[in-house]
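Understanding the architecture of this molecule
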Amino acid sequence: MGKYWKVIMIPLITMIVFITYYIHVQSNPVASAQFFLAKQSGDEKEVEHISLDTEINYTDGREMVGITNKGSIVYSNLSIYEHLKHISKNSQINRLRKKYGSFIRGKADVGRFFEKDDLLVHIDDSLNPFTDNREKHNITVSMYDLKTKEKDSFEVKLPHVDKYRWLFLVTASLNDNILKIITSNEYEEPKSHRTLTDYVVYTIDIDTKKVIDAEKVFEYTNEEISENQYSIIDFHTDKRDEFSDFIMIEERSYEDITVESEEEGAYNQQTESTAALKKYDIKANKLSDITIPKELEGYTFEHVNGDVLYFVKQAEQSIHVVGYDHSKNKITSKQTFDSFVDEYGDYRANTIFYNNKLYVTNLIDESKSIELIIEDIVTGDTIYKGKVEQKGKAPVKDYVFQNAFLNINQ
Amino acid sequence: MKNYVKLFNFEMGRFLKGYLALVGITVAVQVLGVVIASRSYTNKINKYVYHEGMAIDEFLSQFGDMSMYAIIHSLWIQGPILFCISVLLIYTLLIWYRDWFGKNTFIYRLLMLPTERINIFFAKLTTIMVMVLSLVALQIMLLPVLNKVMSSLVPEAYFMNLSFKEMISGFDVLTILFPFSFSDFMIHYGLGLLAVTLLFTAILFERSFRLKGIVYGILYIALSLLIIFSPVIMIAITEKSYLYPLELFYLELILCVLVFIMSILTSRFLLNKKITV
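Presented here is an overview of the structure given in this document. (Residues numbered from 1 in each chain as written. Chains lettered and ligands numbered in written order. Predicted model: local features only at pLDDT ≥ 70, side-chain atom pairs only at ≥ 80, totals over all residues.)

1. Observations regarding the interface of chain A and chain B
Note the threshold: Distance between backbone-placed C-beta atoms decides contact: two residues are in contact if it is within 7 Å. Secondary structure is summarised from DSSP: a helix means a run of H or I of at least four residues, a strand means a run of E of at least two, and numbering begins at the N terminus for each.
Facing 26 residues of chain A, the contacting portion of chain B comprises 30 residues. The set of elements that each furnish at least two residues to the side of chain A that touches chain B consists of helix H1 (5–27) and helix H2 (80–87) of chain A. Sorting elements by how many residues they give to the side of chain A that touches chain B places H1 of chain A first, with 11 residues.

Written as structure tokens, this is what we have:
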């Protein structure tokens, strides 16, 4: 036995060291602070699927964390397995996987899903972006009817797409077996080298699996209005993961203005406002201008719920949200929420609309604290108010949150 | 089993001196490094605080406090670790070639032993893995000791006591050598075991077919890597993943185990049927 001491002692000591090491690591899980979203008022259920992803800068380092109402995850501390488990937490995909099973396989990372009752349609436009091969301007449509258990998949070649260098799926609608796909098709004008975008509706007959119509509904030229002013086009639909019967086309203008301040002198600030708004009724194939009331000048269009359009304006210490019913040309609601003040005394806030709720946070740039307010925009009620706080034995003092993002649909 | 243990003990014995030398170098250099760095820091304290009358706060704001974090980035700590890694990598090749090219052609005796030849393979493989893991364990034991040495040399007001985790977070190689989660430990060293196994099989190809064997060995490693990475290659080609992230993880795990078994079986075949002296 004595002559085998090498093969007994060395592995034995090694094993004891590793066992002790992992017991020690497990019993002292995180040296860094545990942040969590603490409720101040309202319903805790409102933040169950919310994560605040942010970078925390300490005096001697930084780390990326995801903060929820239960605690924080330091991403660099996750094991490979835990990391994979974490990235699999997409609630939309998980819900669709439960409902539609293997149909989701291979489609989760490409294209988009549209759901209508028990019918799920996946439109894959992933072959299109940035391709030089014009032959590839095809779209794959896959359908699964849960009631009849019928699955179908077909590829359609989009007509008249030779000049486009990039096609992007905006939304789709499905009525009476007629699928309408709206795409934004970008191209460069050869002479002026300006970038132009055509918004085209492709009508596909599901029965024959062919494109029966392609109509350009709107055209936009991407150019600067003046040296310190430019505009962009944005789209809004009322249903994020479902077919839409209309889309709102917004032209938003940005202007750099110089602000004079007694304390800081002159500094540049960017303002944004909705310059023009159109509604395209996909079913009726009709594009109409929306008249924005004069009192909404300087507001930005952020959200649509049926005929009611929601406009937002950030004043110095408050956020104004106005609901406007465009079918009745009538302002339906006016709500004002307090904004946040940061440690520098500046008022700042970020607004996100999701499912007729307004999420107001102070997640811009740097901040010593993160606050969250959730408002029901239909009733105007504040349904949640919370703040990121620390728990645990050793809270840290010197830190600042930087570049935070609010993930609502985890 | 008994023959395997005998061979393992024999292989351990053959490298024991080299192994102990690595242990000695690591301990000596790292302790010396901590002593020198601590002395240099205390000399600064003597010069500025005791002789020139600088306030402690001013000294700390100018030079910072002393902790293991300061030395973990230096060659005193990193040097021995990288040296041990290099020696063990070279020994992974030498463990086979010394049997052919050593003073006596020892491989004759090894292959003539009345035991399954694959035991030679397992003994060598276990030796390399035990050497690697025991040196990593040594480093795990050494870091808190170095921290204690430093704390005894630097006055308390100037010393910042770091947790083990804080110490190793300062050096990326350490986080690979001793990851915080046990599952990552299994993955890291499982991949290490697989890499050594593949290299051993490639060496056996070379020893079996000589010049042609080098090509076979390279092709064998390429084929193994192709098998392991085939799911990822498929995703890159089709631009679609038919597997969800966790499924992909489990598939990769299965493929690694399959490649490991394939390597053992190939090595067994080469040792039994093709190896020449």
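There is more to say, and it comes next.
2. Some thoughts on the sheet that holds strand S19 (residues 308–314) of chain A
Residue and element names in this part refer to chain A. Heads up, the rule is: Strands qualify as paired when DSSP identifies two bridges or more between them. Convention adopted: a line fitted to C-alpha atoms gives each axis, helices being fitted over their contacting stretch, and angles between N-to-C directions are expressed from 0 to 180 degrees.
An order of S18-S19-S20-S21 is seen for the 4 strands of this open sheet, with the pairing classed as antiparallel. Each of the sheet's edge strands pairs with one partner strand only, and the pair in question is strand S18 (300–305) and strand S21 (330–338). The average angle at which neighbouring strand axes cross in this sheet is 20°, direction not considered. Bridging between strand S20 (residues 318–325) and S21 involves 8 bridges; their strand directions are antiparallel. Across the sheet, the residue bridging to Ser318 is Asp338, located in S21.

3. Some details on helix H4 (residues 75–101) of chain B
Owing to its 3.6 residues per turn, the α-helix brings residues three or four apart onto one side. Residue and element names in this part refer to chain B. Rule in force here: To get the bend at a residue, fit one axis to the 7 residues ending there and another to the 7 starting there, then take the angle between the axes. Our exposure labels follow a C-beta count within 10 Å of each residue's own C-beta, placed from the backbone: buried means 20 or more other C-beta atoms, exposed means 12 or fewer, and partly exposed covers the counts in between.
Bending of H4 peaks at approximately 40° at the position of Ile95. All buried positions along H4 are accounted for by Ile77, Pro80, Cys84, Thr92, Ile95 and Asp99. Residues of H4 that are buried in the fold lie against helix H1 (2–51), helix H3 (68–72), helix H5 (107–112), helix H6 (118–153) and helix H9 (182–238).

4. Thoughts on the sheet that holds strand S9 (residues 166–175) of chain A
Residue and element names in this part refer to chain A. Strands sit in the order S9-S10-S11-S12 across an open sheet of 4 strands; the sheet is antiparallel. Among the strands making up the open sheet, the edge pair consists of S9 and strand S12 (210–222). Each neighbouring strand pair of the sheet contributes to a mean axis angle of 20°, computed without reference to strand direction. The pairing of S9 with strand S10 (residues 178–188) spans 9 bridges and is antiparallel. Along S10, the bridge assignment pairs Leu167 with Asn185.

5. Here we look at the packing of H6 of chain B against helix H10 (residues 245–274) of chain B
Residues and elements named next belong to chain B. Where we set the bar: Relative orientations are named as follows: roughly parallel for angles under 35 degrees, roughly antiparallel for angles over 145 degrees, roughly perpendicular for angles from 65 to 115 degrees, and oblique for any other angle. Following the grouping adopted for this structure description, the nonpolar residues are Ala, Val, Leu, Ile, Met, Phe, Trp, Tyr, Cys and Pro, the charged ones are Asp, Glu, Lys and Arg, and the polar ones are all others, Gly among them.
Taken N-terminus to C-terminus, the directions of H6 and H10 make an angle of 130°; their axes are 8 Å apart at the nearest point. It follows from the interaxial angle that H6 and H10 lie oblique. Mapping the contact onto sequence places Ile118, Ile120 and Phe121 in H6 and Ser267, Arg268 and Leu271 in H10. Looking at the contact of H6 with H10 residue by residue, the classes come out as 4 nonpolar, 1 polar and 1 charged.

Treat this as a map of the structure, not an account of what it does.
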